[in-house]
Amino acid sequence: MRKSSTNFYLTILAVYDLLALIMNFMVGVLRGQHPDINATFQKYEDLCKAQAVFVEVFNLLSVWIIVAFTVERYVLVVFPLRKELVTFRRTRFTPLVVSLTVVVFSLHKIFITGFEGDSVFGYEACRTQRKSFANAVYFYVAFNTWLPTIIIFSFNMRILVALRRNKLKRNAMTNKSAKLKGDDKATRLLLTVSCVYLFLITPLGITQTIELIYNSVAHKSPGEPGYVDYMSAKFRLKWARAFFFFFYQINFAINFFLYVTTASGERFRQALRALFNLKHTSLDETIIVSGGNTTRNARNVSVRTGNPEINSIALHDRTPSNQIHPVDVHASGGNK
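The rules we used
- Residues numbered from 1 in each chain as written.
- Predicted model: local features only at pLDDT ≥ 70, side-chain atom pairs only at ≥ 80, totals over all residues.
- Heavy atoms only, no water.
- Helix = DSSP H or I, 4+ residues; strand = E, 2+ residues; numbered from the N terminus.
- Contact = heavy atoms within 4.5 Å.
- Buried < 20%, exposed > 50% of the residue type's maximum accessible area, 1.4 Å probe, protein only.
- Arc of directions from axis to C-beta.
- Core = buried A, V, L, I, M, F, W, Y, C linked by side-chain atoms within 4.5 Å.

Caption draft 1: Local environment of the environment of T91. By the element assignment, T91 lies in helix α4 (residues 88–106). Taking C-alpha positions, T91 is 9.3 Å from A68, a pair spaced 23 residues apart along the chain. Setting aside chain neighbours within four positions, we find T91 in contact with S5, F8, Y9, E72 and V86.

Caption draft 2: Inspection of helix α2 (residues 35–43) at higher detail. Residues of α2 that are buried include every one of N38, F41 and Q42, and no others. In a view along the axis of α2, the buried residues occupy a sector of 100°, so they form one face of it. Exposed and facing more than 90 degrees away from the buried side of α2 are D36 and K43. Structurally, α2 contributes buried residues whose contacts are with α1 (5–33) and α3 (45–78).

Caption draft 3: Structural view of the nonpolar core. Counting 44 residues, the largest nonpolar core has F58, L61, I65, V98, I159, Y197 and Y248 as its most contacted members. Those elements giving two or more residues to this core turn out to be α1, α3, α4, α5 (136–174), α6 (182–217), α7 (227–248) and α8 (250–261). By residue number, the principal contributor to this core is α3, which donates 15 residues. Those residues within four positions of F58 in sequence are excluded, and the remaining contacts are Y16, L19, A20 and M23.

Caption draft 4: Fine view of the side chain of T149. Locating T149 in the fold gives a position in helix α5. Residue T149 is classed as buried on the basis of its relative accessible area of 8%. Setting aside chain neighbours within four positions, we find T149 in contact with Y197, L198 and I201.

In structure tokens form, the structure reads like this:
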């Protein structure tokens, strides 16, 4: 894949999304549906600690890599004269710093437990010797949900305003709509990924916040008046949180399809085709000169991206050969 910050971020994000689905969703479903698997986790506390750390790491990485990508696009769009601050070398350094920071932060799960006892997957929590810190859940919700959401939303709003202003300036200078440049396409892909994330995470964040406030304000102990109503509402909120949690998991699976289907992800698709040695059908054209008039015949050409060099296109036409002077057209990966 061509070396660019966008391609690098897409690759890193795809890997982290996959690992988040495996460590959080797949392992959670296995523990919830197979009591023998959950019994193994309960028997060996180190497994519980490892899962807690990995879930924390990849959930945070998937989100904060989007934040890092957003900040980079913000600098490129809002401060175009300072593009030298964003280089491919620095781009490779940024995810490394983010990853190391998140890993170090997540290691606290080895010593502290808090939110795992109320899993949306319905399995019995591990019996642990770790220190229980129930109030940690407030920090988790803020750091995992609301802080990145606020950063992504505010920076993207600023990016949208800058894109609109830049487009108006280009149109005023050229008197016609300017074609999107590579940077603009990358920014639009970021906006798509960010909007999907915001759409999927916001209901979960709202539900978590309401649940925390309700548990603090309306708490009832067994035997107190209204305890049954309190527990009924508590269970309804838990099931709502579970629903929106599963809804949020779409975020980790949908990004790959965004890279493949959007126009901004052309290089990602090219790298994917090369990786699996797939054929790609593109529209190529042959230039024909006949009687002083130039016409173009378009036809589909199958291109195997694993072999970028393609033989010259031989011209075949019903027109007599003495009236036609073929011009060879060479293509590489479907692009001329």
